[in-house]
Amino acid sequence: MEYILIFISAIFVNNIVLSQFLGICPFLGVSKKIDTALGMSAAVAFVLTLSTIVTFLIQKYVLDAFGLGYLQTITFILVIAALVQMVEIILKKVSPSLYQALGVFLPLITTNCCVLGVAILVIQKDYDLLTGVVYAFSTALGFGLALTIFAGIREQLSLVNIPKGLQGTPITLITAGLLAMAFMGFSGIVKL
């Protein structure tokens with residue numbers, strides 16, 4: 001039951017983008033088309049889950065074991081960057097078609113703060129490895145859901161007549177705010 005609560009909470013109630021405001025850069029930058037939003041969502045899901053596993057193990061068996069907890073942030077940043085590079089190299093050799101499909105999304109994940117944020121939150125919430133992986137994957141699904149919905153709305157907005165003063169960034173930010181308010185409606189569903 002705990003995993004179901006974490007799953008629902010991470011996707012809807014505590015959405016990483018719309019509630020915790022992590023990952024805003026790709027949320028605003030990669031959300032002009034649904035296909036690019038889906039590509040970014042898949043890449044983030046993969047890297048977020050993998051990096052949570054690796055950073056959890058490094059935290060428990062290296063940083064905590066040797067009293068180096070103060071190096072957590074810099075270590076996690078380096079691990080995430082290295083993982084993204086390794087995944088990129090492996091995909092390029094093993095599956096060139098998947099590498100082409102993900103394209104520019106893989107390097108962009110290195111600078112996505114939600115990946116670092118989730119890795120740190122898993123440690124702060126004192127999750128075990130399985131719970132941390134469920135939380136990370138659920139958070140990635142929530143990120144993908146918000147990104148895809150926002151991309152769909154932005155595609156529709158490109159088809160309507162918007163007043164000149166609201167075109168571009170203003171209507172994008174207003175839409176993001178309204179979407180965040182819509183997700184606030186889920187706040188009473190799960191209490192953790």
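About the criteria used
- Residues numbered from 1 in each chain as written.
- Predicted model: local features only at pLDDT ≥ 70, side-chain atom pairs only at ≥ 80, totals over all residues.
- Heavy atoms only, no water.
- Helix = DSSP H or I, 4+ residues; strand = E, 2+ residues; numbered from the N terminus.
- Rg over C-alpha atoms; globule rule 2.2 N^0.38 Å.
- Phe/Tyr/Trp six-rings, centres within 6.5 Å; stacked < 30°, edge-to-face > 60°.
- Buried < 20%, exposed > 50% of the residue type's maximum accessible area, 1.4 Å probe, protein only.
- Salt bridge = Lys/Arg side-chain N within 4 Å of Asp/Glu carboxyl O.
- Axes fitted to C-alpha atoms, helices over the stretch in contact; angles between N-to-C directions.
- Parallel < 35°, antiparallel > 145°, perpendicular 65-115°, else oblique.
- Left-handed = near helix turned anticlockwise from the far one by under 90°.
- Contact = heavy atoms within 4.5 Å.
- Nonpolar A, V, L, I, M, F, W, Y, C, P; charged D, E, K, R; others polar.
- Patch = residues over 30% accessible without salt bridge, like charges linked within 9 Å, V, L, I, M, F, W, Y side chains within 5 Å.
- Areas by Shrake-Rupley, 256 points an atom, 1.4 Å probe, with all protein chains shown as cover.
- Disulfide = S-S within 2.5 Å.
- Expected span 1.5 Å × (residues − 1).

A. Geometry of the overall build of the protein chain. Each helix and strand counted, the protein chain has nine helices and zero strands in total. Scanning the protein chain from its N terminus toward the C terminus, one meets helices and strands in the order α-α-α-α-α-α-α-α-α. The C-alpha atoms of the protein chain give 18 Å as radius of gyration, which agrees with the globular expectation for 192 residues (16 Å, within 12%). By its C-alpha atoms, the protein chain is 60 × 45 × 30 Å across when sized along the principal axes.

B. Representation of the packing of aromatic side chains. The tally for this structure, following the rule as stated, stands at four aromatic pairs. Each ring, one from Phe12 and one from Phe186, has its centre 4.9 Å from the other, and the planes form 45 degrees; the classification is tilted. Remark: Phe186 occurs in the segment after helix H9 (169-184) and Phe12 occurs in helix H1 (residues 2-13); sequence separation between them is 174 residues. We classify Phe186 as partly exposed; its relative accessible area is 30%. Grouped by ring-pair contacts, the aromatic residues Phe12, Phe183 and Phe186 constitute a single cluster.

C. Just the pattern of salt bridges, in detail. Within the structure shown, the criterion is met by one salt bridge. Note that Lys60 is salt-bridged to Asp126, the shortest N-O span being 3.9 Å. One end of the pair, Lys60, is in helix H3 (residues 34-63); the other, Asp126, is in the loop between helix H7 (113-124) and helix H8 (129-157), and 66 residues separate them in sequence. Classification of Asp126 by relative accessible area gives exposed; the value is 58%.

D. Structural context of unusual backbone geometry. Unlike most non-glycine residues, Phe21 shows phi in positive territory, near 55 degrees. The residue Phe21 is located in the loop between H1 and helix H2 (24-29) in this model. Positioned with a positive phi, Asp126 is a non-glycine residue whose angle comes to about 55 degrees.

E. Inspection of the packing of helix H4 (residues 72-94) against H7 at higher detail. Across the interface, H4 lies against H7 with an axial gap of 10 Å and an inter-helix angle of 130 degrees. The orientation of H4 with respect to H7, classified from their angle, is oblique. Crossing geometry of H4 relative to H7 is assigned as right-handed. Judged by residue contacts, Gln72, Thr73, Phe76, Ile77 and Ile80 of H4 engage Val115, Leu116, Ala119, Ile120 and Ile123 from H7. Classifying every residue of the contact of H4 with H7 gives eight nonpolar, two polar and no charged.

F. Just a nonpolar patch on the surface, in detail. On the surface, a nonpolar cluster with roughly 490 Å² of combined accessible area is contributed by Leu57, Tyr61, Val62, Phe66 and Leu129. With respect to the helices, strands and loops of the structure, Phe66 is situated in the loop between H3 and H4.

G. Fine view of the environment of Val160. Positionally, Val160 belongs in the loop between H8 and H9. Taking the C-alpha atoms as reference, Val160 lies 31 Å from Asn112; in sequence the two are 48 residues apart.

H. Up close: the state of the cysteines. Scanning the model with the defined rule gives zero disulfides in all. Summary of cysteine pairing: Cys25 is not part of a disulfide, and the nearest cysteine sulfur, belonging to Cys113, is at 8.1 Å.

I. H9, seen in detail. Spanning 16 residues, H9 covers 23 Å between terminal C-alpha atoms, matching the ideal 22 Å at 1.5 Å per step. What H9 keeps buried is the set Ile171, Thr172, Thr175, Ala176, Leu179, Ala180 and Phe183. Against H1, H2 and H8 lie the buried residues of H9.

J. Geometry of the packing of H3 against H4. It is the contact of H3 with H4, at a shortest axis distance of 10 Å, that shows an interaxial angle of 135 degrees. Between H3 and H4, the interaxial angle falls into the category oblique. Every pair of crossing elements has a handedness; the one defined by H3 and H4 is right-handed. Touching Phe46, Val47, Leu50, Ser51, Val54, Thr55, Ile58, Gln59 and Leu63 of H3 are Gln72, Thr75, Phe76, Val79, Ile80, Leu83, Val84 and Val87, all from H4. When its residues are assigned to classes, the contact of H3 with H4 shows twelve nonpolar, five polar and no charged.

Keep in mind these numbers describe shape, not what the thing actually does.
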